[in-house]
Amino acid sequence: MKLIFLGPPGAGKGTLAGLVSKEYDIPQISTGDIFRDAIKRETELGKKVKEIVGRGDLVPDDLTVSLVRERLGQPDAQGGYILDGFPRTIPQAAALEAFQSMDAVVNFTISDETVIGRLSGREVCKSCGAIYHVKNMPSKVKGICDKCGGALYTRPDDTLESITNRLEIYKKQTEPLVSYYRKKKLLRDIDSSKSPEDTLLQIRKVLGKPK
Ligand SMILES: [Zn+2]
């Protein structure tokens, strides 16, 4: 099963990709992981990415597509995969289509208010990376990690201003993909405003049982 996961920040795309990956026994492939892996293995493309990221620039479409293509050619991706965070733009989607055909595009829907509520209260442990939420999942002692006693902090990405900004970028850049895939009859809307378990149930209904 070849899948693309689409959704705004805070929709729980990464968490759900992890759950679906396990259940359907297909790898979860994100561009971030592909970049890190290529840099680590010091491939030709990896060297280019390292230089671009090091300058603080965005990796251009053609290079991203080449890396994704290389990754999808690996043995573990032959039985299917979940693309998480790619494609982000129509040109990327068109480039992908030239060498892979998808079975479905899962579109996680969630309101801006819910995203803001989720992300704005998020706290992360400095030592072990555990994630808390001031309202939905508070630590027992304010500002202290339950698991390791480390200090909790708010990521710069999770301030209200930054969240609003990320939502705007998503709408401008990635939302056109929603109508693009809807026209191709590949889009499956999934309401991800409730728990990951609830969202997974909906995905099972839409995609069918794993083989
Ligand atoms: Zn901790």
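Details of the structure are given in the entry above.
Residues numbered from 1 in each chain as written. Predicted model: local features only at pLDDT ≥ 70, side-chain atom pairs only at ≥ 80, totals over all residues. Heavy atoms only, no water.

J.: Would you take a moment to explain the coordination of the zinc ion for this structure?
T.: Reference values for angles at a metal are 109.5 degrees in the four-donor tetrahedral case and 90 or 180 degrees in the six-donor octahedral case. Only Cys125 (SG), Cys128 (SG), Cys145 (SG) and Cys148 (SG) from the protein reach the zinc ion as donors, at distances of 2.3 to 2.4 Å. Around the zinc ion, the four donor atoms sit at angles spanning 100 to 115 degrees, and that spread fits a shape best called tetrahedral. Read from N- to C-terminus, the donor residues coordinating the zinc ion fall into the pattern C-x2-C-x16-C-x2-C. Here Cys125 is found in strand S5 (residues 122-125), whereas its partner Cys148 is found in the loop between strand S6 (131-133) and strand S7 (152-153), with 23 residues between them in sequence. Overall, the relative accessible area of 2% leaves Cys125 in the buried class. The exposure class of Cys148 is partly exposed, given its relative accessible area of 41%. (Donors = N, O, S within 2.8 Å, 3.2 Å for Na, K, Ca; no water. Tetrahedral: all angles 85-135°; square planar, octahedral: opposite > 155°, others 65-115°. Helix = DSSP H or I, 4+ residues; strand = E, 2+ residues; numbered from the N terminus. Buried < 20%, exposed > 50% of the residue type's maximum accessible area, 1.4 Å probe, protein only.)

J.: I would appreciate a short explanation of the sheet that holds strand S4 (residues 104-109) in the present structure.
T.: Working definition: the strands of a sheet are paired by backbone hydrogen bonds and lie parallel or antiparallel to each other. What the five strands build is an open sheet, ordered S2-S3-S1-S4-S8; its pairing is parallel. At either margin of the open sheet sits one strand with a lone partner, and together these are strand S2 (28-30) and strand S8 (187-191). Strand-to-strand twist of the sheet, defined as the mean angle between neighbouring strand axes without regard to direction, takes the value 25 degrees. Pairing of strand S1 (residues 2-6) with S4, which is carried by four bridges, proceeds in the parallel orientation. Across the sheet, Phe5 pairs through a bridge with Val106, a residue of S4. (Pairing = 2+ DSSP bridges. Axes fitted to C-alpha atoms, helices over the stretch in contact; angles between N-to-C directions.)

J.: Any chance you could explain the sheet that holds S5 here in plain terms?
T.: Read from one edge to the other, the open sheet built from three strands follows the order S6-S5-S7, with strand pairing classed as antiparallel. Two strands bound the open sheet, and with one partner strand each, they are S6 and S7.

J.: For this particular structure, what's the right way to read the pairing of strand S3 (residues 81-84)?
T.: If a strand is regular, its side chains alternate between the two faces of the sheet. Burial along S3 is two-sided: Tyr81 and Leu83 facing one way and Ile82 and Asp84 facing the other are all buried. Of the strand pairs in this sheet, S1 and S3 are connected by four bridges, and their pairing is parallel. Each residue of the ladder has a partner; that of Ile4, found in S3, is Leu83. Inspection of the sheet shows S2 paired to S3 by three bridges, in the parallel sense. Residue Ser30 lies in a different strand from S3, and its bridge partner there is Asp84.

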